[in-house]
Amino acid sequence: MEITQASIFDLSALRKLENESFGKDAWPLLDLIAVLTFPEVIRLKAVEDGQLVGFVAGDPRPRDGWGWVATIAVDPRYRRQGIGRALLQACESKLGVPKVRLTVRISNHDAITMYQKEGYIMTEIWDHYYNDGEDGMVMEKEL
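No experiment lies behind these values; they were computed from the predicted model shown. (Residues numbered from 1 in each chain as written. Predicted model: local features only at pLDDT ≥ 70, side-chain atom pairs only at ≥ 80, totals over all residues. Heavy atoms only, no water.)

## As for the side chain of Glu140
Step number 1: Position of Glu140 relative to the elements: it lies in strand β7 (residues 136-142).
Step number 2: Given a relative accessible area of 15%, Glu140 falls into the buried group.
Step number 3: Within the structure, Glu140 has its side chain in polar contact with the side chain of Arg101 (distance 2.6 Å).
Step number 4: Those residues in contact with Glu140 that sit more than four places away from it in its chain are Lys99, Val100, Arg101, Gly119, Tyr120, Ile121 and Thr123. (Helix = DSSP H or I, 4+ residues; strand = E, 2+ residues; numbered from the N terminus. Buried < 20%, exposed > 50% of the residue type's maximum accessible area, 1.4 Å probe, protein only. Polar contact = N/O pair within 3.5 Å; in protein donor to acceptor, adjacent residues only side chain to side chain. Contact = heavy atoms within 4.5 Å.)

Structure, rendered in structure tokens:
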């Protein structure tokens, strides 16, 4: 597995990954185009056998002293192999800020466990954050 910079040329593969990973919560096409083209966004992909199998995007906010992991996804066929953790760590290292935040569904126990193992702690709950009304857990890590 290799982690490299993602680009607009990954749009089709990223759209497929978003839909497989998030279903009704998948980002719309315009948001995917934005995350692949806005210059300040950190965008990394995990590639296995020439295929995109994971993606992470980070939004550095140096004036605020923190960054945001905007999305992270791993192809369901490649989960539990350390790809998500590797993408998260690579994104953190490129953000260039002292703190990182992210939001996760409160029912996504596997992701929450991974984030906790990586040093993230819960800071708040956002009520009805997701499209279906499920709450989102905001987590933060000091780098």
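Picking up after the structure, the text goes on.
## Considering the sheet that holds strand β6 (residues 121-126)
Step number 1: The strand order across the open sheet formed by 7 strands is β1-β2-β3-β4-β5-β7-β6, and the pairing between neighbours is mixed. Whereas interior strands pair on both sides, the edge strands pair on one side only; in this sheet they are β1 (2-5) and β6. On average, adjacent strands in this sheet sit at an angle of 25 degrees to one another, irrespective of strand direction.
Step number 2: When strand β2 (residues 42-48) meets strand β3 (residues 51-61), the two strands line up antiparallel, connected through 7 bridges. Looking at the pairing, Ala46 lines up with Gly54 of β3.
Step number 3: Sitting on the sheet, helix α1 (residues 11-22) is in contact with β3 and β4 (66-74), with an inclination near 85 degrees to β4. (Pairing = 2+ DSSP bridges. Axes fitted to C-alpha atoms, helices over the stretch in contact; angles between N-to-C directions.)

## Some details on a nonpolar patch on the surface
Step number 1: A contiguous nonpolar patch, built from Ile106, Met122 and Ile125 and spanning about 240 Å² of accessible area, is present on the exposed surface.
Step number 2: Its location among the elements puts Met122 in strand β6. (Patch = residues over 30% accessible without salt bridge, like charges linked within 9 Å, V, L, I, M, F, W, Y side chains within 5 Å. Areas by Shrake-Rupley, 256 points an atom, 1.4 Å probe, with all protein chains shown as cover. Salt bridge = Lys/Arg side-chain N within 4 Å of Asp/Glu carboxyl O.)

## Things to note about the pairing of β4
Step number 1: When you tally the buried positions in β4, you get 8 out of 9 residues, the bulk of the element.
Step number 2: With 4 bridges connecting them, β4 and strand β5 (residues 99-105) associate as parallel partners. When the bridges of β5 are listed, Trp66 appears paired with Lys99.

## Side note on α1
Step number 1: Given a rise of 1.5 Å per residue, 12 residues ought to cover 16 Å, and the 16 Å separating the end C-alpha atoms of α1 matches this to within 8%.
Step number 2: Within α1, the full set of buried residues consists of Leu11, Leu14, Leu17, Glu18 and Ser21. Buried residues of α1, viewed axially, fall in a sector of 125 degrees; they line one side.
Step number 3: In the core, the buried residues of α1 are packed alongside α2 (29-37), β3 and β4. (Expected span 1.5 Å × (residues − 1). Arc of directions from axis to C-beta.)

## What to know about the environment of Ile125
Step number 1: Examined against the element boundaries, Ile125 turns out to sit in strand β6.
Step number 2: For the pair Ile125 and Leu17, spaced 108 residues apart in sequence, the C-alpha separation works out to 26 Å.
Step number 3: Filtering out sequence-adjacent residues up to four positions away, Ile125 remains in contact with Ile106, Asp135, Gly136 and Met137.

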